[in-house]
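# Breakdown of the fold
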Amino acid sequence: MAPDDEPTLMTALAPPLAALLAFAIAVATAPRLARRNARRGHVDRPGGRKTQADAVPFGGGTALWLGTLVPGLLALLAAGLHEAGVLPLPAALAEHAPGALRAAPQLLAIAGGALLLALVGRRDDARGLPIAPRLLAQFAAAGLVAASGTRLGLYLGGEAAGIAVTIVFIVFLTNAFNFIDNMDGLAAGVGLASSLGIAAVGLADGQLFAAAFAFALAGAFGGILVHNAAPARLYLGDEGSGFGGFALAAAAILVSYRSESGGTTPVAYTFLAPALLLGVPLADGLFVCTSRLARGISPWTAGRDHLSHRLAERSGPRVGVRRLVAAAFAAAAAAQLLYARAGLPLLAALALAAGAVLALRLGRRGGAR
């Protein structure tokens, strides 16, 4: 390898390394957290509309946010120490340290908002919370992200309208992701597909640190999936679905709107790309909400009328989960084609499409709850 190729290679490898670290953290901590929660009675018990035979401990949610946030915080700490002259970094990474600090307010807003919803979700898992305080926390967290500058690039009548649309989009997707956490491995599998798609868009647009955050999220989802695939040994809970859904929605907006160099993607892409990257939870959320409202039922009412349940009725939970995870990979692949002027998005689209095929072919068991 030529010396002048070294910086490019090191820069390209940094985000996937964040995924590997996140995976290692999540896959190692999740079972320990689950065992601790089982001893403390912090479990999801069978009964009602749930179909699992035994109580299943929570723990996936905590492992998810630990796996996602630790690599990012370490990277920002390293960048800050380098800029302060305390920590030397390889030249290929050192040149990106100023960009990391410039991106820090937006990434910290996403991380802080997601962590707030994880804490609210943990309380909901333990004791139950009415919808009002949960929505209040979601709107506050989404407002924090929008205030940091992460917004849907829809020019609908000024800055205030853009902020409002962004907040509503994030809150809706946060709840939609929570809705699909209804079968073993479904939310974690969809989250893995969507976060990989977000990371690929970020890399293609030159947003190294947004891509690294999304790669870390993907690695953490992958680590959880090891323990959450059917038959699940632990659950994400509202702690995990709240964190994951919020982080996915905000990161999808971040990478599809503005690059580090200040350029913007075409206006239509700034909504179409996040919609494709989060296609499965978005479609399920719209389907469930409209069908329930048409029947005079609150969208917040628990039920077995999701796309996953309908697929499970036709072909069984195993096939239903695989099809929806494959659809998430396919939608993420389609999002790459919006940026297909360069080679990397085409390669990412092919890789994600291969993921869709793999999701359909792999896995022999599935479970619903």
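Residues numbered from 1 in each chain as written. Predicted model: local features only at pLDDT ≥ 70, side-chain atom pairs only at ≥ 80, totals over all residues. Heavy atoms only, no water.

## Section: the overall build of the chain
What the chain contains, in helices and strands, is 14 helices and 2 strands. The buried share among the 369 residues of the chain stands at 52%. For the chain, contacts bridging at least 24 residues in sequence account for 74% of all contacts bridging at least 6. When the accessible surface of the chain is summed, it comes to about 15,700 Å², and 66% of that surface belongs to carbon and sulfur atoms. (Helix = DSSP H or I, 4+ residues; strand = E, 2+ residues; numbered from the N terminus. Buried < 20%, exposed > 50% of the residue type's maximum accessible area, 1.4 Å probe, protein only. Contact = heavy atoms within 4.5 Å. Areas by Shrake-Rupley, 256 points an atom, 1.4 Å probe, with all protein chains shown as cover.)

## Here we look at helix α4 (residues 97–127)
In a regular helix each residue adds 1.5 Å, so 31 residues correspond to 45 Å; α4 covers 43 Å between its end C-alpha atoms and thus fits that length. By the largest-angle criterion, Ala104 marks the main kink of α4, which is about 50 degrees, and a proline, Pro105, follows within four residues. Looking one or two places after α4, you find Gly128, whose phi comes out positive at around 85 degrees. (Expected span 1.5 Å × (residues − 1). Bend = angle between axes of the 7 residues up to and from the residue.)

## Let's talk about a positive patch on the surface
Together, Arg32, Arg35, Arg39 and Arg40 make up a positively charged patch on the protein surface. Following the sequence through the fold, Arg35 ends up in helix α1 (residues 6–40). Arg35 gets classed as partly exposed once you look at its relative accessible area, which sits at 48%. (Patch = residues over 30% accessible without salt bridge, like charges linked within 9 Å, V, L, I, M, F, W, Y side chains within 5 Å. Salt bridge = Lys/Arg side-chain N within 4 Å of Asp/Glu carboxyl O. Lys, Arg positive; Asp, Glu negative; His and termini not counted. Charge placed at Lys NZ, Arg CZ, Asp CG, Glu CD.)

## Regarding a nonpolar patch on the surface
Taken together, the side chains of Leu21, Val70, Leu74, Leu77, Leu81, Val86 and Leu87 make up a nonpolar region of the molecular surface, amounting to roughly 550 Å² of accessible area. Summarising the element assignment, Val86 is placed in the loop between α2 (60–83) and α3 (91–94). Under the relative-accessibility criterion, Val86 is labelled exposed at 57%.

## Quick look at helix α7 (residues 186–204)
The first and last C-alpha atoms of α7 sit 27 Å apart over 19 residues, in line with the 27 Å expected at 1.5 Å per residue. Within α7, 16 of the 19 residues are buried, which leaves the element mostly enclosed by the surrounding structure. Gly206 occupies a position one or two residues after α7 and carries a positive phi of about 80 degrees.

## A closer look at unusual backbone geometry
In this structure, the amide linkage connecting Ala230 to the following residue, Pro231, adopts the cis form with an omega of -10 degrees. Within the secondary structure, Pro231 sits in the loop between α8 (208–228) and α9 (237–257).

## Description of the packing of aromatic side chains
Tallied over the full model, the rule gives 2 aromatic pairs. Summarising the aromatic geometry, the rings of Phe179 and Trp300 are spaced 6.3 Å apart at their centres and angled 65 degrees between planes, so their arrangement reads as edge-to-face. Separated by 121 residues along the polypeptide, Phe179 in helix α6 (residues 159–179) and Trp300 in the loop between α11 (279–294) and α12 (307–315) bring together distant segments of the chain. (Phe/Tyr/Trp six-rings, centres within 6.5 Å; stacked < 30°, edge-to-face > 60°.)

## Re the environment of Leu135
With respect to the secondary-structure elements, Leu135 resides in helix α5 (residues 131–147). Here the alpha-carbon distance between Leu135 and Val171, two residues 36 residues apart in the chain, equals 7.9 Å. With sequence-adjacent residues up to four places away left out, Leu135 is seen in contact with Val171, Asn175 and Trp300.

## Notes on the packing of α6 against α11
Between α6 and α11, whose axes approach to 8 Å, the crossing angle comes to 90 degrees. Classified by the angle their axes make, α6 and α11 are roughly perpendicular. Along the contact surface, α6 presents Phe172, Leu173, Ala176, Phe177 and Phe179, while α11 presents Pro281, Leu282, Asp284, Gly285, Leu286 and Cys289. Here the contact of α6 with α11 is composed, by residue class, of 9 nonpolar, 1 polar and 1 charged. (Axes fitted to C-alpha atoms, helices over the stretch in contact; angles between N-to-C directions. Parallel < 35°, antiparallel > 145°, perpendicular 65-115°, else oblique. Nonpolar A, V, L, I, M, F, W, Y, C, P; charged D, E, K, R; others polar.)

## Details of the environment of Glu83
Note that Glu83 resides in helix α2. Relative accessible area serves as the criterion here: at 41%, Glu83 is assigned to the partly exposed category. Residues Glu83 and Leu101 lie 18 residues apart in sequence; the distance between their C-alpha atoms is 9.1 Å. Setting aside chain neighbours within four positions, we find Glu83 in contact with Ala97, Pro98 and Leu101.

## Details of the pattern of salt bridges
Across all of its chains, the model carries 4 salt bridges by this definition. The residue Arg292 makes a salt bridge to Asp305 at a minimum N-O spacing of 2.7 Å. Remark: Asp305 occurs in the loop between α11 and α12 and Arg292 occurs in helix α11; sequence separation between them is 13 residues. For the pair Arg292 and Asp305, a shared accessibility class is recorded, and that class is buried. Here Asp305 ties to Arg295 by a salt bridge, and the two come within 2.8 Å at their closest N and O atoms.

Purely geometric numbers; function is a separate question.
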